[in-house]
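For reference, the chains in residue letters:
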Amino acid sequence: MNPITQSKKTSILPLLIALVLVVVAGAARAAIGDFNGDGHPDYVLLRQNAKTPQTAIWYLNNNVFISGASGPTLPSWWFLGGVADFNRDGHPDFVLLDSTESPDTAIWYLSGPTLVGRANGPSVPRVPSGWGWVGAADFNGDGHPDYLLENANTRQTAIWYLNNNVVIAYRWGPTIPAGWGVAGVADFNRDGHPDYVLENGTGQTAIWYLSGPTFIRGAYGPTLRSGWGLVATTDFNGDGKPDYLLYNPNTRQTTIWYLNNNVFVSGAWGPTLPAGWSLFPDLCTPWDYGCQ
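Sequence positions are assigned chain by chain, starting from 1 and proceeding in written order. Note on the predicted model: pLDDT of at least 70 is required for a residue's local features to be given, and 80 or more for side-chain atom pairs to be given and counted; whole-chain, interface and lining totals, by contrast, use all residues. To get the side-chain values, all heavy atoms of the structure are used, and hydrogens and water are removed first.

1. Focus: the nonpolar core
Under the convention used in this document: By convention a nonpolar core is built from buried Ala, Val, Leu, Ile, Met, Phe, Trp, Tyr and Cys residues, the set being connected through side-chain atoms within 4.5 Å. With a 1.4 Å probe rolled over the protein chains alone, any residue whose accessible area is under 20% of its type maximum counts as buried; one over 50% counts as exposed, and the rest are partly exposed. The numbering of helices and of strands both runs from the N terminus, where a helix is a DSSP run of H or I of at least 4 residues and a strand a run of E of at least 2. By the convention used here, residues are in contact when the closest approach between their heavy atoms is within 4.5 Å.
By size, the foremost hydrophobic cluster in this structure holds 20 residues, and its most contacted members are Tyr 43, Leu 45, Phe 236, Leu 245 and Leu 279. Elements with a contribution of two residues or more to this core: strand E2 (42-47), strand E3 (55-61), strand E17 (229-234), strand E18 (243-248) and strand E19 (253-260). Take this core: its biggest share by element is 3 residues, from E3. Leave out the neighbours within four places in its chain, and Leu 279 touches Arg 29, Ala 30, Ala 31, Tyr 43, Val 44, Leu 45, Leu 46, Val 231, Leu 245, Tyr 247, Thr 254 and Leu 273. Membership of the second largest hydrophobic core comes to 17 residues, among which are Val 134, Leu 148, Tyr 196 and Leu 210.

This is how it looks when you write it as structure tokens:
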């Protein structure tokens, strides 16, 4: 299937769910949000190779590190999937996933870096159904973040419309082409509807423009460099246009690619993460005997 035209359907063997997300093309996703309310997205860091899943918030001004704060410690057997403001109090909240395979979810309500409340979120259908949580965005324009799901076996996507932590409706989203996976969600053409960012494991990206759950058209995005992964899509420089956040797990370096819709405009280095920390959960899980 062509990722731009959705033409020429082909079959594919079932894919596995890896990390805490559906990872069709090998992409992992970072939790990014504006935790101090200054209008600039901030990083959520996760402690690696540790039995205690600690988090930290790095406050940024565009690509520049300003200061850091300790975030809440996650419970054992749970992972941080992403962030969104579910209770609409102006503060990003954590979405937690309870396993690496089609998880139950929970929402941790935060005020800045401080945990202030918890609620159970909806449960994603269990394996072998193949569904996994991909991200959160407001697809129906009601002001509430919704869940985006992807099926690793069929490549079908689905949108669960939420009111805070409660599912109120379901809609099918477009089916992803063979070899591609959803790497991010953001409104790239600024029509008020979140769009999919796809990545195919070779570094090529594509943007699928949506109207609610409906595919409208596609366009190729910039190609990533070897060794780098696309881990988030959000507006870092405040121009109203989503950008790519790239991460190199070998060097722990981050970089921001500023975009105008699907076109690369310029890049800037972001901060390098300290040793032992990452932008996404570690394969060394809290119940793994290899964790120290």
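2. A closer look at the sheet that holds strand E6 (residues 93-97)
Rules: Between any two strands, at least two bridges found by DSSP are needed for them to pair. As a rule, the C-alpha atoms of each element are fitted with a line to give its axis, helices using only the stretch in contact, and angles between N-to-C directions run from 0 to 180 degrees.
The strand order across the open sheet formed by 4 strands is E5-E6-E7-E8, and the pairing between neighbours is antiparallel. Of all strands in the sheet, those bounded by a partner on one side alone are strand E5 (79-84) and strand E8 (114-120). With direction set aside, neighbouring strand axes in the sheet form an average angle of 30°. Bridge count for E5 against E6 is 5 bridges, and the pairing is antiparallel. Bridged to Val 83 within E6 is Phe 94.

3. A word on the side chain of Thr 205
Our working definition: Side-chain atoms alone can form a polar contact between residues adjacent in sequence; in general such a contact is a pair of N or O atoms within 3.5 Å, and within protein one must be able to donate a hydrogen while the other accepts it.
Relative to the elements of secondary structure, Thr 205 occurs in strand E15 (residues 205-211). Polar side-chain contacts of Thr 205 include one of 2.9 Å to the side chain of Tyr 244. If sequence neighbours within four positions are ignored, Thr 205 has contacts with Trp 180, Leu 198, Glu 199, Tyr 220, Gly 221, Pro 222, Leu 224, Leu 230 and Tyr 244.

4. Topic: the packing of aromatic side chains
By convention here, two paired aromatic rings are described through the distance between centres and the angle between planes. What counts here: Two aromatic rings, drawn from Phe, Tyr or Trp (for Trp, its six-membered ring), form a pair once their centres lie within 6.5 Å of each other, and the interplanar angle then sorts them: stacked below 30 degrees, edge-to-face above 60, tilted otherwise. The criterion is that NZ of a Lys, or CZ of an Arg, lies within 6 Å of the ring centre and within 35 degrees of the ring normal, and then a charge sits over that ring.
Following the criterion strictly, the structure yields 11 aromatic pairs and no others. Taken together through their ring pairs, the aromatic side chains of Phe 86, Trp 133 and Tyr 147 make up a single cluster. The ring centre of Trp 108 lies 4.9 Å from the NZ or CZ of Arg 118, which sits over that ring.

5. Side note on the sheet that holds strand E12 (residues 166-175)
If you walk across this open sheet you meet the 4 strands as E9-E10-E11-E12, and the pairing is antiparallel. Each edge of the open sheet is held by one strand with a lone partner, namely strand E9 (131-137) and E12. Looking at each pair of strands side by side, their axes are set apart by 25° on average, direction ignored. As judged from the 4 bridges shared by strand E10 (residues 146-151) and strand E11 (residues 156-163), these two strands associate in the antiparallel manner. Its bridge partner lying in E11, Glu 150 is registered against Thr 157.

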